[in-house]
Amino acid sequence: MTMLDDAYLKCIEHECGLEYPIKSRNVQCEKGHMLDVKYKNNPSIHLKEIFYKRRNSQGNIFDESGVWRFRELLNFCQIDTENIEECSKYLVSLDGAEGRQSKPYRMSKAAKFIEISNENLWLQPEGYNPSGSFKDNGMATAVTHAKMVGAKKIVCASTGNTSASAGMFAANEGIDCNVYIPKGQIAPGKLSQAYQFGAQIVEVDGNFDDALKQSLEDVQNNDGYTVNSINPFRIEGQKTIPFRALEYLNWESPDWIVYPGGALGNTSSCGKALMELHEWGWIKKIPRIAVINSEGASTLSDLYNGKFEDEELRWNKGNPNTELISKYYDHLDKEGIRPKTKATAIQIGRPTNILKGLRALEFTNGVVTTVSDSEMLDGMSVVGLNGFDCEMASGATVVGIKKLITEGIIKKDDIVVGILTGRQKDAMLPVEYHNNSKNKFAKPPKN
Ligand SMILES: [Zn+2]
């Protein structure tokens, strides 16, 4: 195999733009900016037919995989994508299971609740991934890169979905996985999947930021490889979430793609996917991205909507006012404000991918709003009434769409794709919801 020079890493900030070879383990440029995976060649539009044919996978796990089915659009390994031996040697897959069950579905009860026509609403559950969340999309690609650079251990700081996905892939690849957590602050049940998959839990004195910092130090000192979403290869795999939605809609763009907002890896990857598809001429219309924050963890919404120091934070063509972000974080620290929501998947005060998220919002003329915990529980519950299981953070997508329609931002005849990010992992949430007859969709037990 010839290693071409097609894929490389590039700093996202326009005034910097430092570049690194694809085999670099850097997750930031030397000035501390985020990196993008870039490709020099434009994939042929005729791949659309190949992707469609691969749905009949005929035993090829890389065609079966909802991630690797699109491998030409994330070919940072620069392999011959039709050569099954090369695919098997380089691409990491859970036997084709990552992303395999994910596609847009109609959910009539959710549409009725949202007050949108059933034909105009699609909801795409990513919780049906093997570890129960969208993370498997990006973990497949991040662990592929880890393998490409010869890493023997993957490392993350996480209390939930990331640790589950990392642990699962590490177990499948026979490599080590360290999961850093703040000591004494995490309910052990949240880590049950990480334990199950044989990950090594590492307890750190301090808060989540300290755990993340120590995990990155471990990477530097002990030949580890970070799989938190600061890793640009995570973003590559998560591009397949919008790829699958768009393919299902015959590559005709919807008007909106709606995500819950946490670390903003999903927002970033959706934006990158749409930028690339548009540049390559695969799509004409650019869907607008809507990000739904929790009221209790609303960093992006506060900054984007000008609720802090009266300035609306924007990507500003690659020159964002990063000082405003630092001031906002100082303000959170000074006032002792900690992110607080029962939707732990989006309980994040300092979104790692905020700048890439802003770039995505600028490219797509996006919007950001917030919803309350009780609204999210209604959203989660109405998804359940369609026979689909989702976590509380995913409920934000449903009630976020409802709110934006009420406000007239999403029009009633717009086509909307909402992403449901994960499956229910907190068994007591629905039990408590349904035992309280005041809740909108509650069905309390009878005696
Ligand atoms: Zn830079």
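Residues numbered from 1 in each chain as written. Predicted model: local features only at pLDDT ≥ 70, side-chain atom pairs only at ≥ 80, totals over all residues. Heavy atoms only, no water.

Colleague: How should I be thinking about the packing of helix H15 (residues 373-384) against helix H17 (residues 428-435) in this particular structure?
Modeller: Packed helix pairs are characterised by how far apart their axes lie and by the angle those axes make with each other. Between H15 and H17, whose axes approach to 11 Å, the crossing angle comes to 100 degrees. The angle between H15 and H17 places the two elements in the roughly perpendicular class. Taken together, the residues of H17 that come into contact with H15 (itself represented by Leu377, Asp378, Met380 and Ser381) are Leu429, Pro430, Tyr433 and His434. In the contact of H15 with H17, the residues fall into 5 nonpolar, 2 polar and 1 charged. (Axes fitted to C-alpha atoms, helices over the stretch in contact; angles between N-to-C directions. Helix = DSSP H or I, 4+ residues; strand = E, 2+ residues; numbered from the N terminus. Parallel < 35°, antiparallel > 145°, perpendicular 65-115°, else oblique. Contact = heavy atoms within 4.5 Å. Nonpolar A, V, L, I, M, F, W, Y, C, P; charged D, E, K, R; others polar.)

Colleague: Would you take a moment to explain unusual backbone geometry for this structure?
Modeller: Excluding glycine, most residues fall at negative phi; most peptide bonds, likewise, are trans. Even without a glycine there, the phi angle at Gln78 is positive, about 55 degrees. On the accessibility criterion, Gln78 (5% relative accessible area) is buried. Here Asn365, not a glycine, exhibits a phi torsion of approximately 55 degrees, which is positive. Its location among the elements puts Asn365 in the loop between helix H14 (354-364) and strand S11 (367-371). (Buried < 20%, exposed > 50% of the residue type's maximum accessible area, 1.4 Å probe, protein only.)

Colleague: Please explain the coordination of the zinc ion as it appears in this structure.
Modeller: Under ideal tetrahedral coordination, the four donors around a metal are separated by 109.5 degrees; under ideal octahedral coordination, the six donors are separated by 90 or 180 degrees. Listed as protein donors to the zinc ion are Cys11 (SG), Cys16 (SG), Cys29 (SG) and His33 (ND1); their distances from the metal cover 2.2 to 2.3 Å. Donor residues binding the zinc ion come from one chain and are separated in sequence as C-x4-C-x12-C-x3-H. Of this pair, Cys16 sits in the loop between strand S1 (7-11) and strand S2 (19-21) while His33 sits in the loop between S2 and strand S3 (35-39); the two residues are 17 residues apart in sequence, bridging distant segments of the chain. Looking at His33, the relative accessible area reads 18%, which means it is buried. (Donors = N, O, S within 2.8 Å, 3.2 Å for Na, K, Ca; no water.)

Colleague: Would you take a moment to explain the sheet that holds strand S5 (residues 153-157) for this structure?
Modeller: Through backbone hydrogen bonds, the strands of a sheet pair up, either in parallel or in antiparallel fashion. Across the sheet, which stays open at both edges, the 4 strands sit in the order S7-S6-S5-S8 with parallel pairing between neighbours. Edge positions in the open sheet fall to strand S7 (200-204) and strand S8 (224-226), since each of these has one partner strand only. Strand-to-strand twist of the sheet, defined as the mean angle between neighbouring strand axes without regard to direction, takes the value 30 degrees. Here S5 runs beside S8; their pairing, made up of 3 bridges, is parallel. Looking at S8, one finds that Val155 is bridged to Thr226. Those strands touched by helix H8 (residues 208-221) are S5, strand S6 (176-182), S7 and S8, and its axis lies near 165 degrees from that of S5. (Pairing = 2+ DSSP bridges.)

Colleague: Which parts of the structure should I look at to understand the packing of H15 against helix H16 (residues 392-406)?
Modeller: One can describe the packing of H15 onto H16 by two numbers: an axis separation of 7 Å at closest approach and a directional angle of 90 degrees. Taken together, the axis directions place H15 and H16 in an arrangement best described as roughly perpendicular. Contacts between H15 and H16 pair Asp373, Glu375, Met376, Leu377, Gly379, Met380, Val382 and Val383 from the former with Met392, Ala393, Gly395, Ala396, Val398 and Val399 from the latter. When its residues are assigned to classes, the contact of H15 with H16 shows 10 nonpolar, 2 polar and 2 charged.

Colleague: Can you help me understand the sheet that holds strand S12 (residues 416-420) in this one?
Modeller: If you trace the 5 strands from one edge of the open sheet to the other, you get S4-S12-S9-S10-S11, paired in parallel fashion. Only two strands of the sheet have a single partner each, and these edge strands are strand S4 (121-125) and S11. Taking the axes of each pair of neighbouring strands and ignoring which way they run, one obtains an average angle of 25 degrees across the sheet. Bridge count between strand S10 (residues 288-294) and S11: 5 bridges; the pairing is parallel. Within the sheet, the bridge partner assigned to Ala290 lies in S11 and is Val367. Packing of H15 onto the sheet brings it into contact with S10, S11 and S12, and relative to S11 it is tilted by some 95 degrees.

Colleague: Help me understand the nonpolar core in this model?
Modeller: As a rule of thumb, soluble globular proteins bury nonpolar side chains together. Among the nonpolar cores identified, the biggest contains 94 residues, and Leu73, Phe76, Ile154, Val179, Leu277 and Ile354 are the most heavily contacted of them. When residues in this core are grouped by element, the largest group, 6 residues, is from helix H5 (residues 135-148). With residues near it in sequence (within four places) discarded, Leu73 still touches Tyr39, Pro43, Leu47, Phe51, Glu236, Lys239, Phe243, Leu277, Trp280 and Trp282. If you look at the next biggest cluster of nonpolar residues, it comprises 37 residues, including Ile116, Leu121, Val371 and Phe388. (Core = buried A, V, L, I, M, F, W, Y, C linked by side-chain atoms within 4.5 Å.)

Colleague: Where do I start with the pattern of salt bridges in this structure?
Modeller: Opposite charge on two side chains permits them to pair, given that their charged atoms come into close proximity. One pass over the full model with this rule turns up 26 salt bridges. Glu126 serves as the salt-bridge partner of Arg244, at 2.9 Å between the closest nitrogen and oxygen. Here Glu126 lies in the loop between S4 and H5 and Arg244 lies in helix H10 (residues 240-248), a separation of 118 residues in the sequence. The same class applies to Arg244 and to Glu126, which are both buried. (Salt bridge = Lys/Arg side-chain N within 4 Å of Asp/Glu carboxyl O.)

Colleague: Before we go on, may I ask you to explain the packing of aromatic side chains in this structure?
Modeller: Here a ring pair, both rings aromatic, is described through the centre-centre distance and the interplanar angle of the planes. Counted under the stated rule, the structure contains 12 aromatic pairs. With a centroid separation of 4.8 Å and 65 degrees between ring planes, the pair formed by Phe76 and Phe233 is classed as edge-to-face. One end of the pair, Phe76, is in the loop between helix H2 (61-64) and helix H3 (84-90); the other, Phe233, is in helix H9 (residues 232-238), with 157 residues separating them in the sequence. On the basis of relative accessible area, Phe233 is assigned to the buried category, the value being 1%. An angle of 80 degrees between the planes, with centres 6.2 Å apart, marks the rings of Tyr128 and Phe388 as edge-to-face. Here the residue Tyr128 occupies a position in the loop between S4 and H5, and Phe388 occupies one in the loop between H15 and H16, the gap between them amounting to 260 residues. (Phe/Tyr/Trp six-rings, centres within 6.5 Å; stacked < 30°, edge-to-face > 60°.)

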